[in-house]
Amino acid sequence: MKDSRELRAGQPAGTSDTLTVREVVIDLMRRHGMTKVFANPGSTELPLFRDFPEDFEYVLGLQEAVVVGMADGYAQATGNAAFINLHSAAGVGNAMGNIFTAYKNHTPLIVTAGQQARSILPFDPFLASVRATELPQPYVKFSLEPARAEDVPLALARAYHIAMQEPKGPVFVSIPVDDWDRPAEALPPRQVSTRVQADPVALAQLAAALDACERPAFVVGSSIDRAGAFDAVVALAERHNARVFTAPMCARCAFPEDHRLFAGFLPSMREKIVGLLGGHDLILVIGAPAFTYHVEGAGPHVPEGASLFQLIEDPGVAAWTPVGASVVGNVRLGVEALLARDVPNERTQPPARAVPPVAASNAPGEPMTTAFALQTLAEVRDARDIVVEEAPSARSVMQQYLPFTLPGTFYTMNSGGLGYSMPAAVGVAMANPGCRIIGLIGDGSAMYSIQALWSAAQARLPITFVILNNRRYAALQDFAPSFGFGPKDPVQGTDLPDLDFVRMAEGMGLRAQRVEQGSELRDVLSHAIASGETRLVELVVA
């Protein structure tokens, strides 16, 4: 296929109808830096890939959830929308779990899916997607099947700008199979601002309250890293000597966890949040909901005598925040506006974190503990190495033994849905050539998208997948007492015996090793991470 830029360059005005939908769309994708296509092929999508451009890359996932997870990791790490191509209704259905996660992650994704030919749609043909635009809703920002073939490029251009507008998120376009070879007009280049500055009056009120308070606390969330506001938030906390807590269910590193002002992680329980924030007269929530709860609670949402302010890019989140004042706008621009005020700081430094990390040990011959495993990983990992995590039952242990101190070094999912992080590690690695990636995955989580190992191996990515194998859905067993289970009551469907991740990895082209003794762990992890290859290390933990 000729480059559509060549085709357009020699044409007088009014003759662009010699271009096809496919050529205009390829040009649009190239213009917006979307030259990787994350996909799993199907018959109704094939015409898009005829004469596939040499500067494009087809990233194959062996299942649609893997496809979306890889694209999500890539989009989050690059900050730009990723292009996805799925197969009709069945493919979109398979992908819905990770589309939901992308929606919760605020990840910009252009999700396209094939549709049967327009001429036979009235006859309910094989592989047709009935009411295609409704299938991914409500977990996309925009969903459309263009009325005419020639409208496909404009629909995708609109979808891109909607996906990139804060709060970012996935969009969906259904494209009939016979549209790609139809004539279409070239699209003129356009730029659309995607960041909105917060109301200066509201920012001034927030700044005045922050200057006047005596004991401020910050609660930081995922949007700080997404917006590139990490350093600015650190500077603002230092200016005001504010204690800094990480918000519940935070999916990114939002503040250095070894900083003198870092106070720890808030749980997703109302009463405990109020208890931890007690003693502060102003709570500033930056880039996070206020607050994400996982179980029912009662009583106030903030401590008595404290005022709450929120700086968030998502007006939907601001709308349901139960108390206080929310300022809506780009997080980085908002924090930088607060820093631009020349206000002297006379506050004393708050006390250090109440519960410092405790060293874990592992006696010879004893089963390896998760704490020891994660502490050892922290010791062999460089602070710049990127961890993509999905081990819900180990997250509180990770927060104690595996600290993150730099932006862009930690990813997980905001949704609570499993099957995201293993393929996301592949996408993050593709977006960060030269960086070492660690996929820290629970045994139960790994089985939702184990096919991602094949994609990682085929791309020869420097990823070490560390599987914490405790032979159970531990998070569910740990959570059962909240629903009235007694200490000896069995929790049905939560045991996972006889999984062999070494054999699974080897079957998909990876070198793999199982570790059962703590004395072997350091050497195995060090060699795997330093290898520059795709490796899997299965850790059998108590």
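Residues numbered from 1 in each chain as written. Predicted model: local features only at pLDDT ≥ 70, side-chain atom pairs only at ≥ 80, totals over all residues. Heavy atoms only, no water.

The name given to the chain in an unreviewed UniProt entry is Benzoylformate decarboxylase, and the organism recorded there is Pandoraea sputorum. In UniProt, the chain has this text filed under Sequence similarities (unreviewed entry): "Belongs to the TPP enzyme family." (UniProt positions renumbered as here; feature names shortened; annotations may be inferred.)

Of regular secondary structure, the chain possesses 19 helices and 18 strands. Whereas a compact globule of 542 residues would reach a radius of gyration of roughly 24 Å, the chain reaches 25 Å, a difference of no more than 12%. Projected onto its principal axes, the C-alpha coordinates of the chain cover approximately 70 × 60 × 45 Å. Taken over 542 residues, the chain has a buried fraction of 55%. Long-range contacts, defined here as pairs at least 24 residues apart, represent 75% of the contacts in the chain between residues at least 6 apart. On the chain, roughly 22,800 Å² of surface is accessible, and the fraction owed to carbon and sulfur atoms is 53%. (Helix = DSSP H or I, 4+ residues; strand = E, 2+ residues; numbered from the N terminus. Rg over C-alpha atoms; globule rule 2.2 N^0.38 Å. Buried < 20%, exposed > 50% of the residue type's maximum accessible area, 1.4 Å probe, protein only. Contact = heavy atoms within 4.5 Å. Areas by Shrake-Rupley, 256 points an atom, 1.4 Å probe, with all protein chains shown as cover.)

This next bit is on the sheet that holds strand β7 (residues 216–220). Spatially, six strands are ordered β9-β8-β7-β10-β11-β12 in an open sheet, and the strand pairing comes out parallel. In this open sheet, the two edge strands, each paired with only one partner strand, are β9 (262–265) and β12 (325–328). Neighbour-to-neighbour, the strand axes of this sheet turn through a mean angle of 20 degrees, independent of strand direction. With three bridges connecting them, strand β8 (residues 243–246) and β9 associate as parallel partners. When the sheet's bridge partners are listed, V244 is paired in β9 with F262. Those strands touched by helix α6 (residues 200–212) are β7, β10 (282–286), β11 (307–312) and β12, and its axis lies near 135 degrees from that of β10. The sheet strands contacting helix α11 (residues 331–339) are β10 and β11, and the helix crosses β11 at an angle near 125 degrees. (Pairing = 2+ DSSP bridges. Axes fitted to C-alpha atoms, helices over the stretch in contact; angles between N-to-C directions.)

On to the UniProt feature "domain: Thiamine pyrophosphate enzyme central" (unreviewed entry) in the chain, then. If you check UniProt for "domain: Thiamine pyrophosphate enzyme central" (unreviewed entry), the listed places come out as residues 204–338 in our numbering. Note that residues 204–338 is 33% helix and 21% strand, and that its end C-alpha atoms are spaced 8 Å apart.

This part covers the pattern of salt bridges. Within this structure, the stated rule accounts for 23 salt bridges. With a closest N to O distance of 3.5 Å, R503 and D500 form a salt bridge. Overall, R503 belongs to the exposed group, its relative accessible area being 66%. Taken together, the shared-partner salt bridges connect D500, R503, R514 and E538 into one network. (Salt bridge = Lys/Arg side-chain N within 4 Å of Asp/Glu carboxyl O.)

Its place among the elements puts S222 in the loop between β7 and α7 (223–226). Not counting residues within four places of it along the chain, the set of residues in contact with S222 comprises C250, A251, R252, G287 and N414.

Before going further, it helps to examine the domain arrangement of the chain. For the chain, the domain assignment lists domain 1 (21–176), domain 2 (200–340) and domain 3 (370–540). Taking only C-alpha atoms, the centre of domain 2 and the centre of domain 3 are 29 Å apart. Facing the 16 residues of domain 2 at the interface are 15 residues of domain 3. Buried surface at the junction of domain 2 and domain 3, both sides included, amounts to about 1,200 Å², of which 58% is carbon and sulfur. On the surface where domain 2 and domain 3 come into contact, there are zero salt bridges. Across the contact surface, domain 2 and domain 3 share three residue pairs in polar contact (both at pLDDT 80 or more). Here the side of domain 2 that touches domain 3 is built from residues that sort into nine nonpolar, two polar and five charged. (Domains from an automatic or database assignment. Buried area = accessible area lost by both parts, 1.4 Å probe. Polar contact = N/O pair within 3.5 Å; in protein donor to acceptor, adjacent residues only side chain to side chain. Nonpolar A, V, L, I, M, F, W, Y, C, P; charged D, E, K, R; others polar.)

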